[in-house]
Amino acid sequence: MQTTTTMNANKPAIAELPEHEVGVVNITADQLRAYAAAHAESEYTLIDVRERDEYREGHIPGAKLIPLSELEHRLGELREIPEPHRIFYCRSGNRSGRA
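Residue numbering note: each chain is counted from 1, following its sequence as written. Confidence filtering applies because this is a predicted model: local features only for residues at pLDDT of at least 70, side-chain atom pairs given and counted only at 80 or more, and all residues used for totals across whole chains, interfaces and linings. Side-chain metrics rest on all non-hydrogen atoms present in the structure, leaving aside hydrogens and water.

### What to know about the packing of aromatic side chains
Link 1 in the chain: Ring pairs are drawn from Phe, Tyr and Trp, using the six-membered ring of Trp, whenever the two centres fall within 6.5 Å, and their geometry is named by plane angle: stacked under 30 degrees, edge-to-face over 60, tilted for the rest. The tally for this structure, following the rule as stated, stands at 1 aromatic pair.
Link 2 in the chain: Taking 5.5 Å as the distance between ring centres and 65° as the angle between the ring planes, the aromatic pair formed by Tyr-35 and Tyr-44 counts as edge-to-face.
Link 3 in the chain: Residue burial is assigned from relative accessible area. The probe radius is 1.4 Å, only protein chains are included, and a residue is buried under 20% of its type maximum, exposed over 50%, and partly exposed in between. In this structure Tyr-35 comes out as buried when scored by relative accessible area, which is 0%.
Link 4 in the chain: Look at Tyr-44 and you get buried, because its relative accessible area is 9%.

### Let's talk about the pairing of strand S5 (residues 85–89)
Link 1 in the chain: A run of DSSP states H or I qualifies as a helix once it reaches four residues; a run of E qualifies as a strand once it reaches two. Both are numbered from the N-terminal end. By the criterion of burial, S5 is predominantly enclosed, with 5 of the 5 residues buried.
Link 2 in the chain: Residues of S5 alternate between two faces, with His-85, Ile-87 and Tyr-89 on one and Arg-86 and Phe-88 on the opposite face, all of them buried.
Link 3 in the chain: Bridge count for strand S3 (residues 44–48) against S5 is 5 bridges, and the pairing is parallel. Note that in S5 the partner of Ile-47 across the bridge is Phe-88. We call two strands paired when DSSP finds no fewer than two bridges between them.

Note that all results are geometric; they support no functional claim without further evidence.
Quick look at the structure:
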C-alpha cells in the first residue's frame, strides 16, 4: 500500500491505515504520528519526496529521501523496500499525492 500524508487537520488520528482500492490513502500529520506510535519502524517506510535542500532543513527521523523529481529514475529502490507500507510525505501533500 502506498500512503500519502496531507496537512488536513479535520481528520481524526488513526492507528491503522484504511485499505483503499487503488492503494493510496491520504492521511494527516497527526494520523501519521498515531500510526507510527502504534507500529514498529520495521512495519513501514517513510519516504520524503521533497527536494534535497528541504530535507536538509528538517525531516522526520528515519525518513528516506527520494525527491519527486528523481522518483521515476529511482523506482527500483522503491520496489526493493520490503515493508508492506510505503508512506510518502512532503510539505503540503501535493508532491506526495503525485508520488
